[in-house]
Amino acid sequence: MSKKIISYSEMIGQAITSNMKKNNKIFISGLEIDYSSKVFGSLNKPFEEFPSRFVQTPAMENGLCTILAGSAINGMRPIFVNNRCDFLLLAFDPIVNIIDKWNYMFDGNAGNCPIVITAVIGRGWGQGATHSQSFHNFFSRLSGINVFLPTFPSDVSRVYNYALKTKKASIILHHRGLFKIKEKQNFSKKFCLSNIIKKGKDLAIITFSYGSIQSLQVSNKIEKKFGRKITILNLVSLNPLDKTKILRVAKNHKNILLLDIDHDEGGINDQIFNIIKTNFVNKIIKKIGYKKIPAPAAESLEKLYYPSNQVIYDIACKLLQINHKKNKIKTDYNFVGPY
Amino acid sequence: MIKSPYKINKNFSKLNPFSKKNLLNIYHKLYFSRFVEEVIQNEYPNQQMKTPTHLGIGQEAISVGVCLNLKKKDAIFSHHRSHLPYISSDGSIYKLFCELLGKKNGSSGGKGGSVHLCSRSNGFYGSTAILGQAIGLAAGAGLAFKLKKKKNISVAFFGNSSLEEGLSFETLNFCSLKNIPTLFVYENNFYSTEMPNYKGDMKNFNPQKIVKGLGIKYLKVDGNNISDVFFKSKYAIDYIKKNSRPVFIEFITYRWLEHCGPYYDYALKRYYRTKKEVMYWKKFCPVASFKKFLIKKGFNKDISLLEKKINKKVNLIYKKALKSKKPILKDLQTNV
Ligand SMILES: Cc1ncc(C[n+]2csc(CCOP(=O)(O)OP(=O)(O)O)c2C)c(N)n1
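The rules behind each value
Residues numbered from 1 in each chain as written. Chains lettered and ligands numbered in written order. Predicted model: local features only at pLDDT ≥ 70, side-chain atom pairs only at ≥ 80, totals over all residues. Heavy atoms only, no water. Domains from an automatic or database assignment. Contact = heavy atoms within 4.5 Å. Buried area = accessible area lost by both parts, 1.4 Å probe. Salt bridge = Lys/Arg side-chain N within 4 Å of Asp/Glu carboxyl O. Polar contact = N/O pair within 3.5 Å; in protein donor to acceptor, adjacent residues only side chain to side chain. Helix = DSSP H or I, 4+ residues; strand = E, 2+ residues; numbered from the N terminus. Nonpolar A, V, L, I, M, F, W, Y, C, P; charged D, E, K, R; others polar. Near = heavy atom within 4 Å. Buried < 20%, exposed > 50% of the residue type's maximum accessible area, 1.4 Å probe, protein only. Axes fitted to C-alpha atoms, helices over the stretch in contact; angles between N-to-C directions. Parallel < 35°, antiparallel > 145°, perpendicular 65-115°, else oblique. Left-handed = near helix turned anticlockwise from the far one by under 90°. Phe/Tyr/Trp six-rings, centres within 6.5 Å; stacked < 30°, edge-to-face > 60°. Lys NZ or Arg CZ within 6 Å of the ring centre and 35° of its normal. Pairing = 2+ DSSP bridges. Core = buried A, V, L, I, M, F, W, Y, C linked by side-chain atoms within 4.5 Å. Right-handed = clockwise from strand over helix to strand, strands pointing away.

Residue and element names in this part refer to chain A. By the assigned domains, chain A splits into domain 1 (5–184) and domain 2 (194–319). The centre of domain 1, based on its C-alpha atoms, is set 26 Å off from the matching centre of domain 2. With 31 residues of domain 1 in contact, the opposing surface of domain 2 contributes 29 residues. Summed over both sides, the interface between domain 1 and domain 2 buries roughly 2,100 Å², with carbon and sulfur atoms accounting for 54% of that surface. When residues of domain 1 are sorted by the area they lose upon contact with domain 2, Arg-123, Asn-137 and Leu-149 head the list and together hold 26% of the total. Scanning the region where domain 1 abuts domain 2 turns up 0 salt bridges. The interface formed by domain 1 and domain 2 holds 16 residue pairs in polar contact (both at pLDDT 80 or more) in total. Where the side of domain 1 that touches domain 2 is concerned, the elements lending two or more residues are α6 (136–139), β6 (145–148) and α7 (153–163). If one sorts the elements of the side of domain 1 that touches domain 2 by residue count, β6 sits on top with 4 residues. Class assignment for the residues of the side of domain 1 that touches domain 2 results in 14 nonpolar, 14 polar and 3 charged.

Below, the discussion takes up the site of the ligand. Not every one of the 22 residues close to the ligand is listed here, only the nearest: A:Glu61, B:His80, B:Arg81, B:Ala129 and B:Asn160. Those chains with residues close to the ligand are chains A and B. At 3.2 Å, a backbone N or O of B:Leu131 approaches a nitrogen atom of the ligand. Between the ligand and B:Asn189 there is a distance of 2.9 Å, counted from an oxygen atom to a side-chain nitrogen or oxygen. Mapped by element, the contributors of at least two residues to the shell around the ligand are α6 (160–164) and β5 (191–192) of chain B. Top contributing element to the shell around the ligand by residue count: α6(B), with 3 residues. Split into classes, the residues belonging to the shell around the ligand amount to 7 nonpolar, 11 polar and 4 charged.

We now examine the pattern of salt bridges. All names here are of chain B. A complete count under the given rule lists 23 salt bridges over all chains for this structure. With a shortest N-O distance of 3.7 Å, Asp-238 and Lys-234 are connected by a salt bridge. A residue pair is termed a helical-turn pair when its members lie 3 or 4 positions apart in one helix, as Asp-238 and Lys-234 do in helix α9 (residues 226–243) at 4 residues. You can call Asp-238 partly exposed: its relative accessible area is 41%. The residue Arg-273 makes a salt bridge to Asp-265 at a minimum N-O spacing of 2.9 Å. Comparing Arg-273 with Asp-265, the two get one shared label, buried. Residues participating in the shared-partner salt-bridge network are Glu-194, Glu-258, Asp-265, Arg-270 and Arg-273.

Let us now look at the packing of helix α1 (residues 20–43) of chain B against helix α4 (residues 93–100) of chain B. All names here are of chain B. Put simply, α1 and α4 touch, their axes get as near as 12 Å, and they point 25° apart. In this view, α1 runs roughly parallel relative to α4, as classed from their interaxial angle. Crossing of α1 against α4: the hand is right-handed. Taking contact as the criterion, the partners of Phe-32, Val-36, Val-39 and Ile-40 in α1 are, on α4, Ile-93, Leu-96, Phe-97 and Leu-100.

Once that is clear, we can look at the packing of aromatic side chains. Two descriptors summarise a pair of aromatic rings, namely the distance from one centre to the other and the angle between the planes of the rings. Within this structure, the stated rule accounts for 42 aromatic pairs over all chains. On the numbers, 6.1 Å between centres and 15° between planes, the contact of B:Tyr31 with B:Phe35 is stacked. Linking B:Tyr31 with B:Phe35, this pair stays in helix α1, spanning 4 residues, or about one helical turn. Residues B:Tyr31 and B:Phe35 agree in their burial class; the two are buried. Chaining the aromatic ring pairs together yields one cluster made of B:Phe190, B:Tyr191, B:Tyr254, B:Tyr272, B:Tyr280, B:Trp281 and B:Phe284. Across from the ring centre of A:Phe280, 5.3 Å away, lies the NZ or CZ of A:Lys283, which sits over that ring.

Facing the 33 residues of chain B at the interface are 32 residues of chain A. Per-residue buried area on chain B facing chain A is highest for B:Lys50, B:Ile130 and B:Leu332; these three make up 23% of the total on that side. The residue A:Glu299 makes a salt bridge to B:Lys50 at a minimum N-O spacing of 2.7 Å. Between chain B and chain A we count 9 residue pairs in polar contact (both at pLDDT 80 or more) in total. Of all the secondary structure elements, the ones that give two or more residues to the side of chain B that touches chain A are α6 and α13 (329–332) of chain B. Its residues assigned to classes, the side of chain B that touches chain A comprises 13 nonpolar, 12 polar and 8 charged.

Another aspect to go through is the side chain of B:Asn197. Of note, B:Asn197 is situated in the loop between β6 (195–196) and α8 (207–213). Among residues more than four places away in sequence, those in contact with B:Asn197 are B:Asn160, B:Tyr186, B:Asn188, B:Phe190, B:Tyr191, B:Ser192, B:Met202 and B:Lys203.

A separate point is the sheet that holds strand β4 (residues 77–82) of chain A. All names here are of chain A. The 7 strands lie next to each other as β3-β2-β4-β5-β7-β6-β12, forming an open sheet whose pairing is mixed. The strands lining the two open edges of the sheet, one partner per strand, are β3 (54–56) and β12 (237–239). In this sheet, adjacent strand axes meet at a mean angle of 20° when their direction is disregarded.

Grouped together as the largest cluster of nonpolar side chains are 79 residues, with contacts concentrated most on B:Val36, B:Val66, B:Leu96, B:Phe97, B:Leu183, B:Phe290 and B:Leu294. By residue number, the principal contributor to this core is α1(B), which donates 11 residues. The contacts of B:Leu96, once residues within four sequence positions are left out, are B:Val36, B:Ile40, B:His83, B:Tyr86, B:Ile87 and B:Leu117. One finds A:Phe139, A:Ile145, A:Leu149 and A:Ile272 within the second-largest nonpolar core, a separate group that totals 56 residues.

A pair of packed helices is captured by two measures, namely the crossing angle of their axes and the spacing between those axes. Residues and elements named next belong to chain B. Look at α1 against helix α2 (residues 60–67): their axes get within 10 Å of each other, and the N-to-C directions meet at 135°. Regarding the angle of α1 to α2, the classification is oblique. Here α1 runs over α2; the crossing is right-handed. Along the contact surface, α1 presents Ile-26, Lys-29, Leu-30, Ser-33 and Arg-34, while α2 presents Glu-60, Ala-61 and Val-64. Classifying every residue of the contact of α1 with α2 by side-chain character gives 4 nonpolar, 1 polar and 3 charged.

Our next topic: the pairing of β6(A). All names here are of chain A. On β6, burial covers both faces: Ile-145 and Val-147 on one face and Asn-146 and Phe-148 on the other are all buried. Across 4 bridges, β6 lies against strand β7 (residues 169–175) in parallel orientation. Bridged to Phe-148 within β7 is Ile-172. You can see the chain leave β6, run along α7 and come back into β7, and the turn it takes is right-handed. Relative to β12, β6 is paired through 2 bridges, and the arrangement is antiparallel. What sits directly across from Phe-148, in β12, is Ser-237.

Here we take up the sheet that holds strand β3 (residues 154–158) of chain B. Residue and element names in this part refer to chain B. A sheet is described by the order of its strands in space; here 6 strands give the open sequence β2-β1-β3-β4-β8-β7, paired in parallel fashion. Whereas interior strands pair on both sides, the edge strands pair on one side only; in this sheet they are β2 (124–127) and β7 (217–222). Direction aside, the axes of adjacent strands within the sheet are offset by 15° on average. In terms of strand pairing, β3 meets strand β4 (residues 182–188) through 5 bridges, oriented parallel. Bridge pairing links Ala-156 to Phe-184 in β4. Along the sheet, α2 makes contact with β1 (75–78), β3, β4 and β8 (247–252), crossing β3 at roughly 180°. The sheet contacts of helix α5 (residues 133–147) involve β1, β2, β3 and β4, and relative to β3 the element is tilted by about 175°.

Structural data, given as structure tokens:
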């Protein structure tokens, strides 16, 4: 196993490239995919190695997704790359009415539709209402599509290796705050729906994607300041949801904090809340998510809209019955725009 | 290298019958648009305008020329490169700066950012950041005018990527079928982000044939020549009103700066187009060429006075915007 340090964005490229080497049915399509930035650098490597397997297209998300679904049904393995999750809205028809149901509708007789759809969640720096949304809560209500939100390079590697082999279609959402995250490349290759990234007995946080990064920052501070230990369950997959692991974590903790990176109401937080409460009535559960409003562009409003580390810290301390009095913790979201 | 199909030495002779006041008014609009965008360009690196911003420098003649022919009650929609149509429809510059700076006095209260501008009272209904939407929305506003038996028209400003989306074909077909009074303003600046249309996504895409094939009147115009833009869009708008039919104009122009942000691509070492090409197109500058025409007419003094006035005014407005208040918690939840 390599001890090399690799970034999230490099890992996307490496995972795609190594799978492309093994499977010549894999190709990459989307708009703006072979431009200089290559989706925050993530497509540099595959483009270097397999430029001819890039199908750069006009702006045509609705049509393209349908076309790529057709190619998947006919034996190819397309990766449909999107610079923003918001653009996927144009492709909701093929996603919901074709890709999700193809196998089931024909009772398996029409074959699979193993497309991999990736998109970036564009939070911050005034991206505003229509360039910062994430639809993981919507997507994970579907039955026929895996929904993955890898947090670390290790998650990226395992998710791509899995998604590019499984018969089912997958949606992989990358939060923009993660592309520079680095990790030593000596991690296990075994695919898992979730993983515990920190262990502690005093509180459990169940979260994913950028929420896991914030949770780590907050728990490290609480551990240092007050010696209290926190478990963080990083959900790599929202569909399927790792109910077994969630219940195991819930069983061992009295206090549980759920952290979503979308509107809190009616989403994954509520789903996990129900799973825990139907099994363990007495658990104390707090939920954190965005307010049920679109994302504002102004920096002063963004700061209020996205739960800061301070908000998470304060709620965690409350659950831990720590009276921390005005202890400050910074939010470390250092993306510099414009795009 | 991409070259213009039009001549550099612009012919403004059709404007000769215009009064001095009218001509200076046109120049005022052109120079004002340019200067406002330049202020944004110069201030943007200071990281106070934290919103992805698409500047229109080099494309001013199109929105100025089209909007000069519009009535206050007409409806304008724009794609993400939204500042110029907003300014040309007389949207408040103070509100524009405030919006970019994320201030409460912004045209969208700071909630929208550069891509979501609006000035309803001036007919600028809104700009959006998802490709194709401006085309569909303008058609919808046109349909509303028709159903309300109003004589107004609607206008959509957009680039080639919007045109590529399926929505655009559906909309054009609809407008032709239902006789919708909409002017489609296609600003062909030869690129979508870093993709040159001629060898990329529009290699086989012939807007003229597509639009005509749908039964819609199509015009192709030098978008850097204010005289051509003005008269051709006047003709188009008269045609729309008289026949209650849509018209589609392809304006040839060029975007000087990077797709999103204040810099020249060559300064950032992006190689999708050359510095030479940008320099070539700068010679087609819609503001400078018209200025030359006015100077030949002997309006030097008026022009330098006008420019000085605008510079001073716009700089002051920017300073005022910097000092204006940021939205606070209670603003976050309004108008949900
Ligand atoms: C549905 C959708 N897909 C992709 C994008 C990303 N995007 C924003 S602007 C742009 C290119 C625009 O080029 P063009 O239409 O030529 O207008 P210009 O920027 O040149 O004025 C793209 C691909 C988007 N905003 N919406």
